[in-house]
Amino acid sequence: MRIVVLDGFALNPGDISWSELHALGDVTIYDRTEEKDIVSRAKEADAILLNKCPMTKDTLSLLPNLKYIGVLATGYNVVDTAFARERGVVVTNIPAYSTQSVAQHVFALMLEIASHTGAHSERCLSGGWENAKDFCFWDYPLTELSEKTLGIIGYGAIGQAVGRIAIAFGMRVLSYSPSKNAPEALEAIYRESDVISLNCPLTKDNAGMICFSSIAKMKKGVWIINTARGGLVNEEDVKSALISGRIGYFAADVVSLEPIRGDNPLLSAPNVILTPHIAWAPKESRKRLMKIAVSNIKNFMDGTIINQVNV
């Protein structure tokens, strides 16, 4: 089998091994592939592994040998799955590989807002503590999470892991999943939460859900944390709410267009913490992803398909 990895660098910048994949056939690995080069690089491939390379109808039409697409992520919106199904191309994803990593990152962001550890460390290292008049100082409000209410929007594996950590901190947890809860549960989250964590997939129904109308229902000074998808948030509305104080802090690992552009409204808003889409990326999580990706393609080759998303 001829296997082409189109954009493997994010998964493996060199600290884990491709050896198990190489054992499955003739493997070519590219760190990154521009859209214009996809067809030339993949035209002879039986199987493609990709992360962010778009696999559109037009591109798929030019890949006659293709039988399998393995998305190296949980989200698979980069692939036209319906057309792939028409062409008889199996599409798989990687479920549940980053649950603990993303839940951990939610609290890394939340704790930075609560304690401003990084900011205070920078002040200490630059002489702020040495020159202080007292034995301690703080430049930001310090907040206990205990007894605060956390609203989790999206209560799948990641949302539930976030909830367990929150309970360990003594927080009250509210949750909402559209498949399990009535809309009133979401309204309660908006109304009662001190902190809101977005842990849901992006769909046509929830795109831009954090906007003027939903923010108006929230407690003044609410913290919002987004480790899901940037498209869940209207970034202009969030900036305005941060300036007015309707939102106290906004912390995110994702934005609407990635890599972030210099004109993104969040870059000029107050009380923002951003990380560059790394919640999924601890080495342990990436090794798990690699193992599942290899298992997916092995099972496809054996005729026992798993994790298919275009059945």
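Structure first, text after, so check above.
Residues numbered from 1 in each chain as written. Predicted model: local features only at pLDDT ≥ 70, side-chain atom pairs only at ≥ 80, totals over all residues. Heavy atoms only, no water.

Trainee: With reference to specific residues and values, describe the nonpolar core.
Mentor: Counting 27 residues, the largest nonpolar core has Ile153, Ile210 and Val238 as its most contacted members. Setting aside its immediate chain neighbours within four residues, Ile210 contacts Tyr190, Leu198, Ile215, Met218, Ile224, Leu232, Val233, Asn234 and Val238. Formed by 22 residues, the second largest nonpolar core is a distinct cluster that contains Leu11, Ala47, Val90 and Tyr97. (Core = buried A, V, L, I, M, F, W, Y, C linked by side-chain atoms within 4.5 Å. Buried < 20%, exposed > 50% of the residue type's maximum accessible area, 1.4 Å probe, protein only. Contact = heavy atoms within 4.5 Å.)

Trainee: Requested: an account of the sheet that holds strand 11 (residues 272-274), with residues and values cited.
Mentor: Here six strands make up an open sheet; going across it, the order is 7-6-8-9-10-11 and the pairing parallel. Across the chains shown, the open sheet's two edge strands, defined by having one partner strand only, are strand 7 (172-176) and strand 11. Going from strand to strand, the sheet's axes swing by 15 degrees on average, the running direction of each strand aside. Of the strand pairs in this sheet, strand 6 (residues 149-153) and strand 8 (residues 195-198) are connected by four bridges, and their pairing is parallel. Residue pairing in the sheet places Gly151 in a bridge with Ile196 of strand 8. (Pairing = 2+ DSSP bridges. Helix = DSSP H or I, 4+ residues; strand = E, 2+ residues; numbered from the N terminus. Axes fitted to C-alpha atoms, helices over the stretch in contact; angles between N-to-C directions.)

Trainee: Go over helix 11 (residues 283-302) with me, naming the residues and quoting the values.
Mentor: For helix 11, which comprises 20 residues, the first-to-last C-alpha distance of 29 Å matches the rise-based estimate of 28 Å (1.5 Å per residue) to within 8%. Those residues of helix 11 that fall on the buried side of the exposure criterion are Ser285, Arg286, Leu289, Met290, Ala293, Val294, Asn296, Ile297, Asn299 and Phe300. Its buried side turned inward, helix 11 meets strand 1 (2-5), helix 1 (19-22), strand 3 (47-50), strand 4 (68-71), strand 5 (90-92) and helix 5 (99-115). (Expected span 1.5 Å × (residues − 1).)

Trainee: For the pairing of strand 3, give the residues involved together with the corresponding values.
Mentor: On strand 3, burial covers both faces: Ala47 and Leu49 on one face and Ile48 and Leu50 on the other are all buried. Here strand 3 runs beside strand 4; their pairing, made up of four bridges, is parallel. Looking at the pairing, Leu50 lines up with Val71 of strand 4.

Trainee: Provide a residue-level description of the sheet that holds strand 2 (residues 26-29), including the pertinent values.
Mentor: In space, the five strands of this open sheet follow the order 2-1-3-4-5, with parallel pairing throughout. Looking at which strands have only one partner, the edges of the open sheet turn out to be strand 2 and strand 5. With direction set aside, neighbouring strand axes in the sheet form an average angle of 15 degrees. Strands in contact with helix 11 are strand 1, strand 3, strand 4 and strand 5; relative to strand 4, the strand with the most contacts, it is inclined by about 160 degrees.

Trainee: Account for the packing of aromatic side chains, with residues named and values stated.
Mentor: Each aromatic ring pair is summarised here by two numbers: the centre-to-centre distance and the angle between the ring planes. Tallied over the full model, the rule gives three aromatic pairs. Measuring from centroid to centroid gives 5.4 Å for Phe107 and Phe169, while their planes differ by 10 degrees, and the two rings are stacked. Placement of the pair is Phe107 in helix 5 and Phe169 in the loop between helix 7 (157-168) and strand 7, with a sequence separation of 62 residues. For Phe107, a relative accessible area of 4% puts it in the buried group. Centre to centre, the rings of Trp223 and Tyr249 are 6.4 Å apart; their planes meet at 85 degrees, and the pair counts as edge-to-face. Here Tyr249 lies in strand 10 (residues 247-252) and Trp223 lies in strand 9 (residues 222-226), a separation of 26 residues in the sequence. (Phe/Tyr/Trp six-rings, centres within 6.5 Å; stacked < 30°, edge-to-face > 60°.)

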